[in-house]
Amino acid sequence: MADTILVINAGSSSIKFQLFAIEPGEQLDRRLKGQIEGIGTRPRLFANDANGECAVDQSWTTDEVSELHQALEKLVVFLREYVGSLPVAIGHRVVHGGPEFIEPTLVNSWILDHLLRFVPLAPLHQPNNLAPIRIVLERLPHLLQVACFDTAFHRHHSEIADRYAIPDRFYREGVRRYGFHGLSYEYIALRLPLVAPEIADDRVVVAHLGSGASMCALKGGKSIESSMGFTALDGLPMGTRPGQIDAGVVLYLMNEKGMTVKDVEHFLYHDCGLKGLSGISNDVRDLLTSVDPKAKMALDYFAYRIALFGGMLATALGGIDGLVFTAGIGENAPTIRQAVADRMSCFGIKLSEVANAKNELCISSESSRVTCYVVPTDEELMIARHTLQVLQKHEMPEERRA
Ligand code: ADP
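These figures come from a predicted structure and were not determined experimentally.

Conventions and cut-offs
- Residues numbered from 1 in each chain as written.
- Predicted model: local features only at pLDDT ≥ 70, side-chain atom pairs only at ≥ 80, totals over all residues.
- Heavy atoms only, no water.
- Helix = DSSP H or I, 4+ residues; strand = E, 2+ residues; numbered from the N terminus.
- Buried < 20%, exposed > 50% of the residue type's maximum accessible area, 1.4 Å probe, protein only.
- Contact = heavy atoms within 4.5 Å.
- Polar contact = N/O pair within 3.5 Å; in protein donor to acceptor, adjacent residues only side chain to side chain.
- Phe/Tyr/Trp six-rings, centres within 6.5 Å; stacked < 30°, edge-to-face > 60°.
- Lys NZ or Arg CZ within 6 Å of the ring centre and 35° of its normal.
- Axes fitted to C-alpha atoms, helices over the stretch in contact; angles between N-to-C directions.
- Parallel < 35°, antiparallel > 145°, perpendicular 65-115°, else oblique.
- Left-handed = near helix turned anticlockwise from the far one by under 90°.
- Nonpolar A, V, L, I, M, F, W, Y, C, P; charged D, E, K, R; others polar.
- Lys, Arg positive; Asp, Glu negative; His and termini not counted.
- Salt bridge = Lys/Arg side-chain N within 4 Å of Asp/Glu carboxyl O.

### What to know about the environment of Arg93
Secondary-structure assignment places Arg93 in strand E6 (residues 89-94). For Arg93, a relative accessible area of 14% corresponds to the buried category. In the structure, Arg93 is positioned 81 residues away from Gly174 in sequence and 21 Å away in space, judged by C-alpha atoms. Beyond its immediate chain neighbours, meaning those up to four positions away, Arg93 contacts Ile8, Asn9, Asn129, Cys148, Asp150, His181, Leu183, Glu379 and Ile383. At a separation of 2.8 Å, a polar atom in the side chain of Arg93 contacts the side chain of Asp150.

### Things to note about the packing of aromatic side chains
Summed over all chains, the structure comprises 4 aromatic pairs. On the basis of an interplanar angle of 40° and a centroid distance of 5.4 Å, the ring pair of Phe78 and Tyr82 is categorised as tilted. Note that Phe78 and Tyr82 are positioned in helix H1 (residues 68-83) at a spacing of 4 residues, about one turn of the helix. Phe78 sits in the buried class, given a relative accessible area of 7%. Judged by its relative accessible area of 32%, Tyr82 falls in the partly exposed class. Here Phe101 and Phe118 contribute two aromatic rings whose centre-to-centre distance is 6.2 Å and whose plane-to-plane angle is 75°, an arrangement assigned as edge-to-face. Of this pair, Phe101 sits in the loop between E6 and strand E7 (105-106) while Phe118 sits in the loop between helix H2 (109-116) and helix H3 (126-139), placing them 17 residues apart in sequence. On the accessibility criterion, Phe118 (4% relative accessible area) is buried. These aromatic residues form a ring-pair network of at least three members: Phe101, Phe118 and Phe149. Taking NZ or CZ as reference, Arg44 lies 4.1 Å from the ring centre of Phe46, over its face.

### Here's the deal with the packing of H2 against H3
Where H2 meets H3, the closest approach of the two axes is 10 Å, and the angle between their N-to-C directions is 165°. Judged by the inter-axis angle, H2 sits roughly antiparallel to H3. Here H2 runs over H3; the crossing is left-handed. Where H2 abuts H3, its residues Ser109, Leu112, Asp113, Leu115 and Leu116 lie against Gln126, Leu130, Ile133, Arg134 and Leu137. For the contact of H2 with H3, the residue count by class is 6 nonpolar, 2 polar and 2 charged.

### Details of the side chain of Arg241
Residue position: Arg241 is located in the loop between strand E11 (222-226) and helix H8 (247-255). Buried within the structure, Arg241 lacks any salt-bridge partner; Asp150 is the closest side chain of opposite charge, at an N-O distance of 9.4 Å. Not counting residues up to four positions away in its chain, the partners in contact with Arg241 are Ser211, Gly212, Met228, Ala232, Leu233, Leu268, Tyr269, Cys272 and Gly273.

As structure tokens, then:
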């Protein structure tokens, strides 16, 4: 097989990965998509090849694989067998690049230590994202690793968009409106000239609606505003997170309900959003098929908040020419897109019922003033591209490819 790039998205008990072959002309060809799950409970490595056929499905006991480094060793063994060699580089999804990291960065131990300083800014994600980087640095120090940040694409926001109305010293120490899902928005911004050239240079609102959800205002393909802020808790309601919430509610939970900081953190990340509101599920598919009025209310609320933030972002852009839906819900749920469009009809948004029902690329009706699209996102490909670019800038001696 050609040289490959491994893309890793590491969570608390699972590592999602994809393998891309670097074909002639620097084309990246997806060869594997898989996951190691159940680390510490029921460790299992599975992956499908480019045709969706099973390439590996192996399980171990917790005695054999109880920790992350053992899981990574199993992955390395499998990749060596499957590909015949190690990847030339690993691209990692890293949720937080803090104020400084505004582009994908080759990681060494100094950079890693620096990235660890942002753990308090993303306590649930950053440590998991960084753990495999540390292990690979220790065990395979010649393997190039590139950190790709979810915050980086938003780091050119104006100061006014970047601030909270709190004393300046907090801004200087990093309490800022970072915005997330940047790799997804960057991918969409690069796709628009190809799939929607008439809006690519104009004012576009993108709704990334997955289990995490946010929206981004793109002006000429650059992010100028986001619904998310300091953490991935802000903005839209999500599967289990509430989105925008009055800080007074947090004070109430602590003062009146005796909840500790840890209790509140768990509550906000795991018990709220569509799950908390409906009392049924965090998954939009379950809510769409439920006859319970609470499911309908949760979905109405979701669409209402998306439309409200759409209005906010349209104001930041000084108008709106395009609306793009992406990620699990955005790509697959016509009912949600329709509900959002109906609530944003004051902007001249009108969907074609047929195109929307079929999840077509362009879903707006001919009379719509705003063109609306469904554009599938591909954060892993974005990470692989960034990794390749960093690799090309970096002088890569032949022996590192072994
Ligand atoms: P993430 O990568 O953030 O985990 P995804 O972008 O894969 O999330 O989106 C996952 C969510 O997408 C699911 O929780 C589910 O609510 C929603 N989803 C996936 N497929 C469909 C579908 N066919 N119809 C409606 N919602 C869907």
